[in-house]
Amino acid sequence: YTNYKLIMKNTFNTFRIIYIFLPIITLYGCGRAKKDTELFFIQGNVAYKKGNYEEAIKFYSEAIEKTPKFADAYNNRGRVKLELDNLEGAIQDFEKAVEIDDKFYMAKFNLAEAYSNTDKLEESLILLKQISNQYKDSSFYYVTLSNVFIQKNNFAEANSNLAVALKLNPKNDKAYTNLGYIQYADKNYDAAKQNFEKAISLNEKQDFALNNLSLIFAQKENFAKALETVEKAIEINKNEIYQNNKAYYLLNLGKLEEGKKLLDLVLEKNKNSAWAFRNLGLYFLKTNDLSSANENFLRSDKIDPTVELLNYYLGLTQQSLGNKSKACEYWSVGQKLNETKSIEMLSKVCK
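Residues numbered from 1 in each chain as written. Predicted model: local features only at pLDDT ≥ 70, side-chain atom pairs only at ≥ 80, totals over all residues. Heavy atoms only, no water.

Caption draft 1: Up close: the overall build of the protein. Within the protein, the regular secondary structure consists of 19 helices and zero strands. Here the C-alpha coordinates of the protein stretch approximately 80 × 40 × 35 Å along the principal axes. Within the protein, the proportion of its 351 residues that are buried is 53%. When contacts within the protein are restricted to residue pairs at least 6 apart in sequence, long-range pairs at least 24 apart make up 54% of them. (Helix = DSSP H or I, 4+ residues; strand = E, 2+ residues; numbered from the N terminus. Buried < 20%, exposed > 50% of the residue type's maximum accessible area, 1.4 Å probe, protein only. Contact = heavy atoms within 4.5 Å.)

Encoded structure:
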């Protein structure tokens, strides 16, 4: 949706701390096993609360070993796995919790959230509908629904759910972040900026909103302010998308080697990042290595031809190589994608 990379607020931290203290649960078996299970579970909760995630997983696993049908332990272990970016492992634990207890609504909510960040969007919607009565007063429930509809490109339905979320809780920073995301995607930048700023005012650690706000500044080519803003997001969350955006801003500020170094790190983590290859192409374009620039732009295009400004940069590369007709072809594609810069080049060069 952007020249750089816009992301919406994943709501994994909607109910971040779950059952930190022992809930009312029924454990079967001999007295000793029951006490051991409870102890491991409580220790897991304490470790989770302190941020000792590996230790928490160990204790929850011990509780599960003692009591294999302990749905609460599976649910909490799944939450910890999310903290460690183990989405697949978290889904397996949430699925197990729901399998054990079909009326474990919080586990269903967590599973729906996790599914909403995969291609299992329909499965996520089914689960969310199943628990709609239990969560009808939850602002965060409607934010999760908006996540699913945004990924299905159903912005009207996403907006409708965000309106409910904000009615229930006018201070829901995640709702403002998602609303800003939709407005940015619709190129309503002023409204998006207001909502990102609102989200940050409510939660100064709202890293998604900080990253997306940096894109607003970049749109206005205020790359210094964009860099300052995305660095705040990176202080909170070393997300590779934020780092990729930072690299883009550095390149546009003339800090080429610093930007290149960061791009190399991003590509070490994700060798199929179309946005990073596009930015790497920009590095080579700015250093006048046209062959390498073209190679990286084409690599980006092969992975994701919708990456914004890609056709603009491909056109600039071909223009620099003296191939005006090919440049105009790329800018024509960019025009169809509503890229302002490609449209400008078409009118200036390809009359």
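Picking up where we left off.
Caption draft 2: Inspection of the nonpolar core at higher detail. Counting residues in each nonpolar core, the largest one holds 109 residues, and the members touching the most others are Leu128, Tyr141, Tyr249, Leu285, Tyr313 and Trp331. Not counting chain neighbours up to four residues away, the residues in contact with tyrosine 313 comprise Tyr248, Arg278, Leu282, Leu285 and Phe297. (Core = buried A, V, L, I, M, F, W, Y, C linked by side-chain atoms within 4.5 Å.)

Caption draft 3: Main features of the confidence of the model for the protein. Mean pLDDT for the protein: 90, with 91% of residues reaching 70 or above. A low-confidence stretch, residues 1–5 (pLDDT under 50), is modelled with 31 contacts involving residues beyond four sequence positions or located in other chains. Per-residue pLDDT stays below 50 along residues 9–29; that stretch engages in 64 contacts with residues further than four places along the chain or on separate chains. (pLDDT = per-residue confidence, 0-100.)

Caption draft 4: A look at the side chain of glutamine 206. Checked against the element boundaries, glutamine 206 lands in the loop between α10 (189–202) and α11 (207–219). From its side chain, glutamine 206 meets the backbone nitrogen of phenylalanine 208 in a polar contact 3.3 Å long. (Polar contact = N/O pair within 3.5 Å; in protein donor to acceptor, adjacent residues only side chain to side chain.)

Caption draft 5: Looking closely at the packing of aromatic side chains. Applying the stated criterion across every chain yields a total of 14 aromatic pairs. Residues tyrosine 48 and tyrosine 53 carry aromatic rings whose centres are separated by 6.2 Å and whose planes lie at 65° to one another, so their mutual orientation is edge-to-face. A relative accessible area of 2% means that tyrosine 48 is categorised as buried. For tyrosine 53, a relative accessible area of 22% puts it in the partly exposed group. Measuring from centroid to centroid gives 6.4 Å for tyrosine 248 and tyrosine 249, while their planes differ by 75°, and the two rings are edge-to-face. Following the ring pairs from residue to residue traces out a cluster consisting of Phe109, Tyr135, Tyr141 and Tyr142. Its guanidinium or amino end placed over the ring of phenylalanine 217, lysine 225 lies 5.8 Å from that ring's centre, counting from NZ or CZ. Of note, lysine 260 hangs over the ring of tyrosine 283, and the distance from its end group to the ring centre comes to 5.8 Å. (Phe/Tyr/Trp six-rings, centres within 6.5 Å; stacked < 30°, edge-to-face > 60°. Lys NZ or Arg CZ within 6 Å of the ring centre and 35° of its normal.)

Caption draft 6: A look at the state of the cysteines. For the structure on display, the rule yields one disulfide. One disulfide in the model links cysteine 328 with cysteine 350; its S-S distance is 1.9 Å. An S-S torsion of about -90° defines the bridge between cysteine 328 and cysteine 350 as left-handed. Note that cysteine 328 is positioned in helix α18 (residues 324–336) and cysteine 350 in the segment after α19 (340–349), a separation of 22 residues in sequence. (Disulfide = S-S within 2.5 Å.)

Caption draft 7: Representation of helix α3 (residues 71–83) within the structure. Between the first and last C-alpha of α3 there are 19 Å, a value that for 13 residues agrees with the 18 Å anticipated at 1.5 Å per step. Counting buried positions over the 13 residues of α3 gives twelve, a clear majority of the element. Turning to α3, its buried residues number three or more, namely Ala71, Asp72, Ala73, Tyr74, Asn75, Asn76, Arg77, Gly78, Arg79, Val80, Lys81 and Leu82. Positive backbone phi, approximately 60°, marks aspartate 85, located one or two places after α3. (Expected span 1.5 Å × (residues − 1).)

Caption draft 8: Highlighting the pattern of salt bridges. With the rule as written, the count across this model stands at 15 salt bridges. For aspartate 102, the salt bridge identified is with lysine 108, shortest N-O distance 3.2 Å. Given a relative accessible area of 49%, aspartate 102 falls into the partly exposed group. For lysine 108, a relative accessible area of 5% gives the class buried. Residues participating in the shared-partner salt-bridge network are Arg77, Lys81 and Asp93. (Salt bridge = Lys/Arg side-chain N within 4 Å of Asp/Glu carboxyl O.)

Caption draft 9: Expanded view of the environment of leucine 168. Secondary-structure assignment places leucine 168 in helix α8 (residues 155–168). With 30 residues separating them along the chain, leucine 168 and serine 138 place their C-alpha atoms 7.1 Å apart. Leucine 168 has contacts with Lys136, Asp137, Ser138, Ser139 and Tyr142, leaving out every residue within four places of it along the chain.

Caption draft 10: How the structure looks around the environment of tyrosine 313. The residue tyrosine 313 is located in helix α17 (residues 310–320) in this model. Among the residues examined, tyrosine 313 registers a relative accessible area of 5% and is labelled buried. Spatially, the C-alpha atoms of tyrosine 313 and tyrosine 330 are 8.6 Å apart, while their sequence positions differ by 17 residues.

Caption draft 11: Structural view of the packing of helix α2 (residues 53–66) against α3. For the pair α2 and α3, interaxial distance at closest approach is 9 Å and the crossing angle is 160°. As summarised for this structure, α2 and α3 are arranged roughly antiparallel, according to the angle between their axes. You can see that α2 and α3 cross each other, and the crossing is left-handed. Side by side, α2 and α3 meet where Tyr53, Ala56, Ile57, Tyr60, Ser61, Ala63 and Ile64 of the first sit next to Ala73, Tyr74, Asn76, Arg77, Val80, Lys81 and Glu83 of the second. (Axes fitted to C-alpha atoms, helices over the stretch in contact; angles between N-to-C directions. Parallel < 35°, antiparallel > 145°, perpendicular 65-115°, else oblique. Left-handed = near helix turned anticlockwise from the far one by under 90°.)

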